[in-house]
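# Coordinate inspection notes
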Amino acid sequence: MLNLPQPEYNLDAGSGTHASQTGKIMLGIENVLLKTQPDIVLVQGDTNTVLSGSLVAAKLNIKVGHVEAGLRSFDHSMPEEINRIVSDHISDYLFAPTETSSQQLIKEGIEPEKKFL
């Protein structure tokens, strides 16, 4: 057992279409960010929550860090691939887990000073 504390916030986004789920998450995250005023928002992975957190933070002029940046399947029919690409391109700090993912960011025009291997 990890003995982790309960989350402070539950967005209650539930299931639904990608658009409805992403919209609900964005509204919830916006409320949390306006209340907490963080200096940076870290998002990890490729879920709708990652896309939502990245978009809301960027629109509120809060720095965004994306963990697992640069990972690609090269299959644009996968919603997760769209989430990865959009999040990477609006993030201020990109934490790439491999040399290949780090190089992918450069190929996509991400400024080298934004990425960290």
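Procedures and definitions
- Throughout this document, residue positions are counted from 1 along each chain, in the order its sequence is written.
- Local features in this predicted model are restricted to residues whose pLDDT is 70 or higher, and side-chain atom pairs enter the listing and the counts only when it is 80 or higher, whereas totals over whole chains, interfaces and linings include all residues.
- Side-chain descriptors were evaluated using all non-hydrogen atoms of the structure, hydrogens and water having been removed beforehand.
- Patch rule: a residue counts if its relative accessible area is over 30% and it has no salt bridge; like charges are joined within 9 Å, and nonpolar side chains (Val, Leu, Ile, Met, Phe, Trp, Tyr) within 5 Å.
- Residue burial considers only the protein chains on display, and all accessible areas are found by Shrake-Rupley using a 1.4 Å probe.
- We count a salt bridge whenever a side-chain nitrogen from Lys or Arg sits within 4 Å of a carboxyl oxygen from Asp or Glu.
- A helix here means a DSSP run of H or I that spans at least four residues, while a strand means a run of E at least two residues long, and both kinds are numbered starting from the N terminus.
- A pair of aromatic rings is counted whenever rings of Phe, Tyr or Trp (Trp by its six-membered ring) have centres within 6.5 Å, and the orientation is called stacked for planes under 30 degrees apart, edge-to-face for over 60 and tilted otherwise.
- For every residue, the accessible area obtained with a 1.4 Å probe (protein chains only) is divided by the maximum for its type, and the residue is called buried under 20%, exposed over 50%, and partly exposed between those limits.
- Here, strands pair whenever DSSP counts at least two bridges between them.
- Look down the strands so they point away from you; if going from the first strand over the helix to the second traces a clockwise path, that crossover is right-handed.
- Lines are fitted to the C-alpha atoms to define the axes, a helix being fitted only along its stretch in contact, and any angle between axes, read from their N-to-C directions, falls within 0 to 180 degrees.
- Under this scheme an angle from 65 to 115 degrees is roughly perpendicular, one under 35 degrees roughly parallel, and one over 145 degrees roughly antiparallel; angles in between are oblique.
- If you view the pair so one helix is near and one far, a crossing is left-handed when the near helix is turned anticlockwise from the far one by less than a right angle, and right-handed when it is turned clockwise.
- Every residue pair with non-hydrogen atoms within 4.5 Å of one another is taken to be in contact.
- Each residue receives one of three labels: charged for Asp, Glu, Lys and Arg, nonpolar for Ala, Val, Leu, Ile, Met, Phe, Trp, Tyr, Cys and Pro, and polar for the others, Gly being one of them.

### Observations regarding a nonpolar patch on the surface
A cluster of nonpolar side chains, contributed by Ile40, Leu42, Val67, Tyr93, Phe95 and Phe116, occupies part of the molecular surface with about 480 Å² of accessible area. Those elements giving two or more residues to the nonpolar patch turn out to be strand S1 (40-44) and strand S3 (93-95). Along the chain, Phe95 falls in strand S3.

### A word on the packing of aromatic side chains
Here a ring pair, both rings aromatic, is described through the centre-centre distance and the interplanar angle of the planes. The final tally for this structure, using the stated rule, is 2 aromatic pairs. Ring centres of Tyr93 and Phe116 lie 6.4 Å apart, and the angle between their planes is 35°; on these two criteria the pair is classed as tilted. Placement of the pair is Tyr93 in strand S3 and Phe116 in strand S4 (residues 115-116), with a sequence separation of 23 residues. On the accessibility criterion, Phe116 (38% relative accessible area) is partly exposed. Summarising the aromatic geometry, the rings of Phe95 and Phe116 are spaced 5.6 Å apart at their centres and angled 25° between planes, so their arrangement reads as stacked. One end of the pair, Phe95, is in strand S3; the other, Phe116, is in strand S4, and 21 residues separate them in sequence. In this structure an aromatic cluster arises from ring pairing among Tyr93, Phe95 and Phe116.

### Section: the pairing of strand S2 (residues 63-67)
Two strands pair when backbone bridges link them, and S1 and S2 are joined in this way by 5 bridges, in the parallel orientation. When the bridges of S2 are listed, Ile40 appears paired with Lys63. In this fold, the crossover linking S1 to S2 by way of helix H2 (residues 48-59) has right-handed handedness. Relative to S3, S2 is paired through 3 bridges, and the arrangement is parallel. By the bridge assignment for S3, His66 is matched with Leu94. The handedness of the S2 to S3 crossover, carried by helix H3 (residues 79-90), is right-handed.

### A word on the packing of helix H1 (residues 18-36) against H2
Each pair of packed helices can be summarised by the angle the axes make with each other and by the distance between the axes. Look at H1 against H2: their axes get within 8 Å of each other, and the N-to-C directions meet at 50°. Classified by the angle between their axes, H1 and H2 sit oblique to one another. Between H1 and H2 the crossing geometry is right-handed. Residues His18, Gln21, Thr22, Ile25, Met26, Ile29, Glu30 and Leu33 of H1 lie in contact with H2, whose contacting residues are Asn48, Thr49, Leu51, Ser52, Gly53, Leu55, Val56 and Ala57. Grouping the amino acids of the contact of H1 with H2 by side-chain chemistry returns 8 nonpolar, 7 polar and 1 charged.

Nothing here speaks to function; it is all geometry.
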